[in-house]
Amino acid sequence: MSVPGESSHFIMAPEIRMKELNSMMIEERNPRNAAVMMLFYPKKSTTHIALILRPEYEGVHSGQIALPGGKVEMQDQNYTETALRETQEEIGVPMNTVEVIKSLTKVYIPPSNFWVHPFMGFTEERPDFVLQKEEVAKVIEVPLAELLNEDNVTAQKLSTSYAENIEVPSFKLNSYVVWGATAMMLSELKMFLKISKEE
C-alpha cells in the first residue's frame, strides 16, 4: 500500500509555497537533512500523537507547532536513528522504547534549507515526557481522532517567513494552529491512516 506522499503534502501547502517549490532546484541549494518522529502512544485507552510547541526565540521556527526531531548528527547511522535520538533529547522518550513502523515522504523547508524525513513510531505506554527546555516549551498530546476529523482542517490568515497575511491551510488541534511543513507531514499521515482503515 502506498500513499501519494507529495500530493497529500500539497493539500496543506500554501499556494505561494507550492509555486516556490515548483520553481526551485532544491538539490542545487545543498540542503541539510533532519528527521522527525510521529510518536503514537496510548493515553486513557485512546491513541494519541505527540506534537511540540517550540519556544519563542529569534529564528524562523519560533513559537511554532512541530514534531519532535532535528538535524542529522555525525554519529547517526541513518535518518531513523536521528528521529529516535532527537525524540529522546527533546521530549525524554528513550530510544529503546519506540518501535519505528515506517518512514513517510520527506518534506523540503525553504526558510531553513532542510530536507525533513518523517517516521512513524509508537510506544506501548504513555511516555513520561521530559522536556529539553531550550527546544521545547510544551508537549501537545493530540488524540488521533482529532487529526482524522475533517472539521479540524481549516485555513488561517498568517504572516510567514515568505509572505505577509496569506491564507494558509492548517489543522486546528487541541486549539493550536498547525501549519507549514508539520501540517504537510500530518496530511500524509492522515491519508495513510485512512487508506489503512479502508483496506
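What you see is a predicted model; the values in this text were computed from it and never measured.

## Overview of the overall build of the protein chain
Each helix and strand counted, the protein chain has five helices and eleven strands in total. A buried classification covers 48% of the 199 residues belonging to the protein chain. When contacts within the protein chain are restricted to residue pairs at least 6 apart in sequence, long-range pairs at least 24 apart make up 65% of them. When the accessible surface of the protein chain is totalled, it reaches about 10200 Å², and 49% of it is carbon and sulfur.

## Notes on helix α3 (residues 79-91)
Relative to the 18 Å expected for 13 residues at 1.5 Å per residue, α3 spans 18 Å between its end C-alpha atoms, a close match to the ideal helical length. Buried residues along α3 sit against β1 (32-43), β2 (46-53), β4 (69-71), β5 (99-103), β7 (114-122) and β8 (138-143). By the N-cap criterion, in which a side-chain oxygen at the helix start approaches the backbone nitrogen of a residue two or three places on, α3 is capped by Asn78, the distance to Thr80 being 3.2 Å.

## Thoughts on the packing of aromatic side chains
Scanning the entire structure with this criterion turns up two aromatic pairs. Ring geometry for Tyr108 and Trp115: centres 5.5 Å apart, planes at 65°, overall edge-to-face. Exposure remark for Trp115: the relative accessible area of 12% places this residue in the buried category. Taking the ring centre of Trp115 as reference, the NZ or CZ of Lys106 above it sits at 4.2 Å.

## A closer look at the side chain of His48
Here His48 shows up in strand β2. In this structure His48 comes out as buried when scored by relative accessible area, which is 8%. Among the polar contacts listed, one links the side chain of His48 to the backbone oxygen of Thr46, at a separation of 3.0 Å. Contacts of His48, omitting those with residues within four sequence positions, involve Leu39, Phe40, Tyr41, Lys43, Glu141, Val142, Pro143 and Leu144.

## A word on the pattern of salt bridges
Within the structure shown, the criterion is met by nine salt bridges. Between Glu86 and Arg85 there is a salt bridge; the shortest N-O distance is 3.3 Å. For Glu150, the salt bridge identified is with Lys194, shortest N-O distance 2.8 Å. Of this pair, Glu150 sits in the loop between α4 (144-148) and β9 (153-158) while Lys194 sits in helix α5 (residues 180-198), and the two are 44 residues apart along the sequence.

## Some remarks on the environment of Leu186
Along the chain, the position of Leu186 falls in helix α5. You can call Leu186 buried: its relative accessible area is 1%. Remark: the alpha-carbon pair of Leu186 and Phe171, spanning 15 residues in sequence, is separated by 8.9 Å. Setting aside chain neighbours within four positions, we find Leu186 in contact with Met38, Ile49, Leu51, Leu67, Leu147, Phe171, Leu173 and Val178.

## Section: the nonpolar core
With 32 residues, the main nonpolar core has Met38, Leu51, Phe171, Leu173, Met185, Leu186 and Leu189 as its most contacted residues. When contributions to this core are tallied by element, the ones reaching two or more residues are β1, β2, β6 (107-109), β7, β8, α4, β10 (166-173) and α5. Take this core: its biggest share by element is eight residues, from α5. Residues in contact with Met38, not counting those within four places in the same chain, are Ile49, Leu67, Leu104, Pro118, Phe119, Met120, Gly121, Met185, Leu186 and Leu189. Counting 16 residues, the second largest nonpolar core, distinct from the first, contains Tyr41, Ile52, Val98 and Phe129.

## Observations concerning the side chain of Thr82
Tracing the sequence through the fold places Thr82 in helix α3. A relative accessible area of 0% places Thr82 in the buried class. Those residues in contact with Thr82 that sit more than four places away from it in its chain are Ala35, Gly70, Lys71, Val72 and Asp76.

## Quick notes on unusual backbone geometry
Unlike most non-glycine residues, Lys44 shows phi in positive territory, near 50°. Positive phi, close to 60°, is recorded for Ser45, a residue that is not glycine. Within the fold, Ser45 resides in the loop between β1 and β2. Take Ser45: its relative accessible area is 78%, and that puts it in the exposed class.

The rules behind these values
- Residues numbered from 1 in each chain as written.
- Predicted model: local features only at pLDDT ≥ 70, side-chain atom pairs only at ≥ 80, totals over all residues.
- Heavy atoms only, no water.
- Helix = DSSP H or I, 4+ residues; strand = E, 2+ residues; numbered from the N terminus.
- Buried < 20%, exposed > 50% of the residue type's maximum accessible area, 1.4 Å probe, protein only.
- Contact = heavy atoms within 4.5 Å.
- Areas by Shrake-Rupley, 256 points an atom, 1.4 Å probe, with all protein chains shown as cover.
- Expected span 1.5 Å × (residues − 1).
- Polar contact = N/O pair within 3.5 Å; in protein donor to acceptor, adjacent residues only side chain to side chain.
- Phe/Tyr/Trp six-rings, centres within 6.5 Å; stacked < 30°, edge-to-face > 60°.
- Lys NZ or Arg CZ within 6 Å of the ring centre and 35° of its normal.
- Salt bridge = Lys/Arg side-chain N within 4 Å of Asp/Glu carboxyl O.
- Core = buried A, V, L, I, M, F, W, Y, C linked by side-chain atoms within 4.5 Å.

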